[in-house]
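If you want the building blocks of each chain, they are given just below.
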Amino acid sequence: MGIGRDFARRLLRNRLAAAGGAVILFFFLVSALPGLFASHEPNRIDIVNILRPPSAAHPLGTDDLGRDVLARMVHGARISLSVGFVAVGIAMLIGLVVGLLAGYSGGWVDAVLMRFVDMMLCFPTFFLILTVIAFIGPSIWNIMIIIGLTGWMGVARLVRAETLSLKERDFVAAARAQGAGNARIIFRHVLPNTLAPILVAATLGVAGAILTESALSFLGIGVQPPTPSWGNILTAGKDNIEYAWWLSLFPGLAILVTVLGYNLLGEGIRDAADPRLKGR
């Protein structure tokens with residue numbers, strides 16, 4: 001408990017990390033309680049109010065079908081954040097298993113798994129995602145799974161490096177001398193000590209997954225209309241940028257602020273978990 005309180009105290013003392021956490025919490029509330037932030041239906045077409053600029057009735061304007069941009073952004077926040085969390089969850093799970101197995105086993109198991117990781121890293125991730133989606137078709141679940149399946153390699157290398165260091169520590173040798181099996185050593189002694197870097201990687205990974213989903217939707221092969229996401233709202237903005245600036249500005253700012261918030265929080269978690277920074 002003392003370690004947890006010390007970690008939380010140093011994290012909250014970091015103003016940039018606290019600001020990032022506040023941004024993330026705000027968007028969580030937006031996605032969880034959309035009715036509090038938008039009164040219009042996100043897919044309601046209104047041909048009378050096509051491409052209306054921001055006003056009292058439509059605070060962020062309307063799009064090329066007369067749909068309220070604020071309502072679409074509020075409901076799109078749930079899609080974008082869900083893609084980030086599910087994709088990162090898949091990547092963390094795979095990377096954790098591969099990293100622990102390679103680092104703790106060593107020998108030919110480590111060599112085979114790390115060569116496979118190196119092979120995966122040779123492929124440009126975004127173009128690999130584009131290729132796979134082109135074959136299986138775009139959908140929310142396909143995007144989540146593909147981003148997760150192509151984003152675990154860095155986590156695996158990180159966990160392996162931590163495991164290689166931890167398995168040589170005295171507390172692991174003591175547990176082994178007391179007759180603890182490999183599974184108990186991994187889950188009781190090694191895994192808990194790798195959680196801090198994994199948490200940092202997960203926080204930064206959510207930001208990357210949101211950017212990837214937005215880029216895919218912007219290209220038209222991500223979340224498909226009429227389901228709103230920040231990326232496909234930007235696509236409508238691209239087609240009408242000369243006379244509907246709000247369609248590009250507001251979703252672009254939402255993506256920017258969200259990704260910045262996750263990056264700031266991730267950096268703050270890294271600093272708070274680093275024992276060399278305890279005196280700062």
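Reading the values: rules and limits
- For every chain, the first residue of the written sequence is number 1, and numbering continues from 1 along that sequence.
- Local features are withheld for residues below a pLDDT of 70 in this predicted model, meaning they are given only at 70 or higher, and side-chain atom pairs are given and counted only at 80 or more; totals for whole chains, interfaces and linings count all residues.
- For the side-chain quantities, the full set of heavy atoms in the structure was used; hydrogens and water were omitted.
- We count a stretch as a helix when DSSP gives it H or I for four or more residues in a row; a strand needs E for two or more, and each element gets its number in order from the N terminus.
- Contacts: residue pairs with any heavy atoms within 4.5 Å of one another.
- Per-residue and other accessible areas were derived by the Shrake-Rupley procedure at a 1.4 Å probe size, with only the shown protein chains allowed to occlude residues.
- All tallies of charge rest on Lys and Arg as positive and Asp and Glu as negative; His and the ends of each chain are not included.
- Where a charge sits is defined by one atom per residue type, namely NZ (Lys), CZ (Arg), CG (Asp) or CD (Glu).
- Between the N-to-C directions of two axes lies an angle of 0 to 180 degrees, each axis being a line fitted to C-alpha atoms and, for a helix, fitted only over the stretch in contact.
- Put simply, angles under 35 degrees are roughly parallel, angles over 145 are roughly antiparallel, angles from 65 to 115 are roughly perpendicular, and the rest are oblique.
- All residues other than Ala, Val, Leu, Ile, Met, Phe, Trp, Tyr, Cys, Pro, Asp, Glu, Lys and Arg, Gly among them, are scored as polar; the first ten of these are nonpolar and the last four charged.
- Handedness of a helix crossing follows the sense of rotation of the near helix relative to the far helix, less than a right angle counterclockwise being left-handed and clockwise being right-handed.
- How far a helix is expected to stretch is found by multiplying one less than its residue total by 1.5 Å.
- Think of it in three bands: residues with accessible area under 20% of the maximum for their type are buried, residues over 50% are exposed, and the middle band is partly exposed, with areas taken using a 1.4 Å probe on protein chains only.
- As used here, the arc is the angular range of directions from the helix axis to the C-beta atoms.
- Like charges within 9 Å and nonpolar side chains (Val, Leu, Ile, Met, Phe, Trp, Tyr) within 5 Å are joined into patches, using only residues over 30% in relative accessible area that form no salt bridge.
- The salt bridge criterion pairs a side-chain nitrogen of Lys or Arg with a carboxyl oxygen of Asp or Glu, the two atoms within 4 Å.
- Classification of ring pairs uses Phe, Tyr and Trp, with its six-membered ring standing for Trp, and accepts pairs whose centres are within 6.5 Å; under 30 degrees between planes counts as stacked, over 60 as edge-to-face, and the remaining range as tilted.
- Counting as a charge over the ring demands two things of the Lys NZ or Arg CZ atom: a distance within 6 Å of the ring centre and an angle within 35 degrees of the ring normal.

K.L.:
What's the story with the overall build of the protein chain in this structure? I'm lost.
P.N.:
The helix and strand tally for the protein chain stands at 13 helices and 0 strands. For the protein chain, the α and β elements follow one another from N to C terminus as α-α-α-α-α-α-α-α-α-α-α-α-α. If you take every contact in the protein chain between residues at least 6 apart in sequence, the share linking residues at least 24 apart comes to 71%. On the protein chain, roughly 14500 Å² of surface is accessible, and the fraction owed to carbon and sulfur atoms is 68%. Charge-centre separation for the protein chain: the mean point of 23 positive side chains lies 10 Å from the mean point of 17 negative side chains.

K.L.:
Where do I start with the packing of helix H4 (residues 69-105) against helix H12 (residues 230-239) in this structure?
P.N.:
Any two packed helices are characterised by the angle at which their axes cross and by the distance between the axes. Taken N-terminus to C-terminus, the directions of H4 and H12 make an angle of 135 degrees; their axes are 8 Å apart at the nearest point. Of the possible angle classes, the one that applies to H4 and H12 is oblique. Together, Arg72, Met73, Gly76, Ala77 and Ser80 of H4 and Trp230, Asn232 and Ile233 of H12 make up the contact between the two elements. Here the residues of the contact of H4 with H12 are counted per class, giving 4 nonpolar, 3 polar and 1 charged.

K.L.:
Even after reading the chapter, I still don't get the packing of helix H6 (residues 125-136) against helix H11 (residues 195-218), so can you show me in this structure?
P.N.:
Close contact between H6 and H11 brings their axes to 12 Å; oriented N to C, the two are set at 50 degrees. Relative to H11, H6 is oriented oblique. When you trace H6 past H11, the crossing you get is right-handed. Facing H6, whose interface residues are Phe126, Ile129, Leu130 and Ile133, H11 presents Thr212, Ala215 and Leu216. Among the residues making up the contact of H6 with H11, the classes are represented as 6 nonpolar, 1 polar and no charged.

K.L.:
It is not clear to me how unusual backbone geometry should be interpreted in this structure. Could you clarify?
P.N.:
The phi torsion of most residues other than glycine is negative, and most of the peptide bonds are trans. With an omega dihedral of 10 degrees, the bond running from proline 225 to proline 226 counts as a cis peptide bond. Tracing the backbone through its elements, the reader meets proline 226 in the loop between H11 and H12. At leucine 51, a position not held by glycine, the phi torsion is positive, near 55 degrees.

K.L.:
Looking at this model, I keep getting lost on the side chain of threonine 212. Mind explaining?
P.N.:
Structurally, threonine 212 can be placed in helix H11. Look past the residues within four positions of threonine 212 in its chain and what remains in contact with it is Phe126, Ile129 and Ile147.

K.L.:
Quick question: what am I supposed to make of helix H8 (residues 153-166) here?
P.N.:
Residues lying three or four places apart along an α-helix face the same way, a consequence of the helix completing one turn every 3.6 residues. Given a rise of 1.5 Å per residue, 14 residues ought to cover 20 Å, and the 20 Å separating the end C-alpha atoms of H8 matches this to within 8%. Of the residues making up H8, those classed as buried are Met153, Val155, Ala156, Val159, Thr163 and Leu166. Within H8, the buried residues cover an arc of 150 degrees as seen down the axis, which keeps them to one side. Against the buried residues of H8 lie H4, helix H5 (107-121), helix H9 (170-177), helix H10 (182-190) and H11.

K.L.:
What am I meant to see in a nonpolar patch on the surface here?
P.N.:
A surface patch of nonpolar side chains, amounting to about 750 Å² of accessible area, comprises Leu25, Phe26, Phe28, Leu29, Leu33, Leu36, Phe37 and Phe85. Sorting the residues of the nonpolar patch by element identifies helix H2 (15-32) and helix H3 (34-37) as the ones contributing at least two each. The element contributing the most residues to the nonpolar patch is H2, with 4 residues. Relative accessible area serves as the criterion here: at 35%, phenylalanine 28 is assigned to the partly exposed category.

K.L.:
Would you take a moment to explain the environment of alanine 102 for this structure?
P.N.:
Positionally, alanine 102 belongs in helix H4. Put simply, alanine 102 and arginine 157 are 55 residues apart on the chain and 9.1 Å apart in space, counted from C-alpha to C-alpha. Once you skip the residues sitting within four places of it in the chain, alanine 102 turns out to touch Asp110, Leu113, Met114 and Arg160.

K.L.:
Any chance you could explain the packing of aromatic side chains here in plain terms?
P.N.:
Applying the stated rule across the entire model yields 9 aromatic pairs. Ring geometry for tryptophan 245 against tryptophan 246: centres 5.6 Å apart, planes inclined by 85 degrees, an arrangement best described as edge-to-face. Tryptophan 245 sits in the partly exposed class, given a relative accessible area of 46%. Classification of tryptophan 246 by relative accessible area gives buried; the value is 3%. Taken together through their ring pairs, the aromatic side chains of Phe26, Phe27, Phe37 and Trp230 make up a single cluster. Across from the ring centre of phenylalanine 218, 6.0 Å away, lies the NZ or CZ of lysine 238, which sits over that ring.

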